[in-house]
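Structural overview for review
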Amino acid sequence: MRGRQRVTDMVLSLAVIGVLVGAIYFFIPHDDSATAEKNAVQTVDTRVEILTARRAAPYPVAAPEGLPKSWRATSVSYKAGNDGKGGAWHLGMLDPEQQYAAVEQSDAPAKQFIQDVTLGAAKVEGRQAVGDKKWDRYEGDTYRALVHQEPGVTTVVTGTAPYGRLAELAAALVAKKAEAEKG
């Protein structure tokens with residue numbers, strides 16, 4: 001009889017704990033909706049960083065203009081190179097389907113820069129028309145990318161977004177240097 005009481009007491013204790021856990025779960029607010037997922041990543045203001053990068057970079061810094069508000073900037077930075085070369089511009093975004101897309105630019109050696117920002121993606125056949133320019137396509141295990149090289153700067157639009165979205169971002173890019181201050 002004594003062994004049976006211990007099992008019954010244990011089952012009752014577990015039932016009480018289960019009810020308590022259920023009540024806590026029920027009363028603590030949680031949101032599993034798409035809105036909660038969208039709000040989990042904070043949007044950042046890019047205006048100051050873009051102006052700063054355009055003043056500091058030795059090349060025209062590309063930033064999107066005219067993208068719909070459904071594109072959200074999530075990270076932005078410019079890191080100058082130690083010797084005046086190798087400065088790196090980064091603008092991370094989420095597209096309307098919450099896929100990651102980023103603009104990466106540098107005047108560092110192109111081959112290594114492309115490998116670094118695309119997480120090892122390899123060049124594939126075919127080119128992507130973006131406006132009047134042709135961009136090389138890269139595909140990797142994690143990211144895909146569109147790459148455009150010009151004298152003095154390599155621009156990479158990379159991420160988990162499909163090529164069509166990457167091309168949409170690339171088409172919105174406007175490369176500028178900071179305007180000289182009027183004196």
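The structure reproduced in this document is the subject of the present report. (Residues numbered from 1 in each chain as written. Predicted model: local features only at pLDDT ≥ 70, side-chain atom pairs only at ≥ 80, totals over all residues. Heavy atoms only, no water.)

**Here's the deal with the overall build of the protein chain**
We apply this condition: For helices the rule is a DSSP run of H or I covering at least 4 residues; for strands it is a run of E covering at least 2, with both sets numbered from the N terminus onward. The cut-offs for exposure are 20% and 50% of the maximum accessible area for each residue type, with area from a 1.4 Å probe on protein chains only; residues under the lower value are buried, those over the upper are exposed, and the others partly exposed. Residue contacts are defined here by distance: any two heavy atoms, one from each residue, within 4.5 Å place the two residues in contact. Under the convention used here, a 1.4 Å probe and the Shrake-Rupley method define accessible areas, while residue burial counts only the protein chains that appear.
Along the protein chain, the regular secondary structure elements total five helices and nine strands. In sequence order, the secondary structure elements of the protein chain are arranged as α-α-α-β-β-β-β-α-β-β-β-β-α-β. Taking all 183 residues of the protein chain together, 35% fall into the buried category. For the protein chain, long-range pairs separated by at least 24 residues make up 51% of all intrachain contacts whose partners lie at least 6 apart in sequence. By element, 56% of the accessible surface of the protein chain is carried by carbon and sulfur atoms, the whole surface being about 11,700 Å².

**A word on the packing of aromatic side chains**
As a reminder, the rule being used: Any two of the Phe, Tyr and Trp rings considered here, Trp counted by its six-membered ring, make a pair once their centres fall within 6.5 Å; the pair's planes then place it as stacked at under 30 degrees, edge-to-face at over 60, or tilted in between. Working rule: Lys NZ or Arg CZ, within 6 Å of ring centre, within 35 degrees of ring normal, means a charge sits over the ring.
Enumeration according to the criterion identifies one aromatic pair in this entry. Over the face of the ring belonging to Tyr163 we find Arg137, whose NZ or CZ atom lies 4.2 Å from the ring centre. For the cation-ring pair, Arg144 lies above Tyr163, with the distance from its terminal atom to the ring centre recorded as 5.8 Å.

**As for the sheet that holds strand E8 (residues 153-159)**
Put simply, the test is: A pair of strands counts as paired when DSSP detects no fewer than two bridges linking them. Geometry is summarised by axes, namely lines fitted to C-alpha atoms with helices restricted to the contacting stretch, and by angles between N-to-C directions that run from 0 to 180 degrees.
Reading across the sheet, the seven strands line up as E2-E3-E4-E8-E7-E6-E5 and stay open at both edges, with antiparallel pairing between neighbours. Edge strands, defined here as strands with exactly one partner in the open sheet, are strand E2 (72-79) and strand E5 (122-130). On average, each strand axis in the sheet is inclined to that of its neighbour by 20 degrees, with strand direction left out of account. The sheet contact formed by strand E7 (residues 144-150) and E8 spans seven bridges and is antiparallel. Counterpart to Ala145 in the pairing with E8 is Thr158. Lying on the sheet, helix H4 (residues 110-117) is in contact with strand E4 (100-106), strand E6 (133-139), E7 and E8; it crosses E8 at an angle near 15 degrees. Against the sheet, helix H5 (residues 163-172) makes contact with strand E3 (88-94), E4, E5, E6, E7 and E8, and its axis sits at roughly 35 degrees relative to E7, the strand it touches most.

**Structural notes on the nonpolar core**
The nonpolar side chains of soluble globular proteins are, as a tendency, buried together. To keep things clear, this is the line we draw: Throughout this description, the term nonpolar core refers to a set of buried Ala, Val, Leu, Ile, Met, Phe, Trp, Tyr and Cys residues connected via side-chain atoms within 4.5 Å.
The biggest cluster of nonpolar side chains holds 30 residues, and the ones touching the most others in it are Tyr59, Trp89, Leu91, Trp135, Val157, Leu166 and Leu169. At the level of elements, helix H3 (47-56), strand E1 (61-64), E2, E3, E4, E8 and H5 are the ones that each hand at least two residues to this core. With six residues, the single largest contributor to this core is H5. Apart from residues lying up to four places away in sequence, Leu91 is in contact with Thr46, Pro64, Ala73, Ser75, Val76, Ala101, Ala102 and Val103. The next biggest cluster of nonpolar side chains, apart from the first, holds nine residues, and it includes Ala121, Tyr138, Ala145 and Val147.

**Some thoughts on the pairing of E3**
Summarising burial for E3: six of the seven residues are buried, a large majority. Taken together, the seven bridges between E2 and E3 define a ladder with antiparallel strand orientation. Bridging across to E3, Arg72 finds its partner in Leu94. Pairing of E3 with E4, which is carried by seven bridges, proceeds in the antiparallel orientation. Across the sheet, His90 pairs through a bridge with Glu104, a residue of E4. Counted between consecutive antiparallel strands, the loop separating E3 from E4 contains five residues, among which Gln98 sits at a positive phi close to 70 degrees.

**Focus on H3**
An α-helical turn contains 3.6 residues, so any two residues separated by three or four positions project in the same direction. For clarity, the cut-off: The arc refers to the directions leading from the helix axis to the C-beta atoms.
Of the residues making up H3, those classed as buried are Ile50, Ala53 and Arg54. Mapping the buried residues of H3 onto a view down its axis gives an arc of 100 degrees, with all of them on the same face. In H3, the exposed positions angled more than 90 degrees off the buried face are occupied by Val48 and Arg55. Here the buried face of H3 lies against E1, E2, E3 and strand E9 (173-176).

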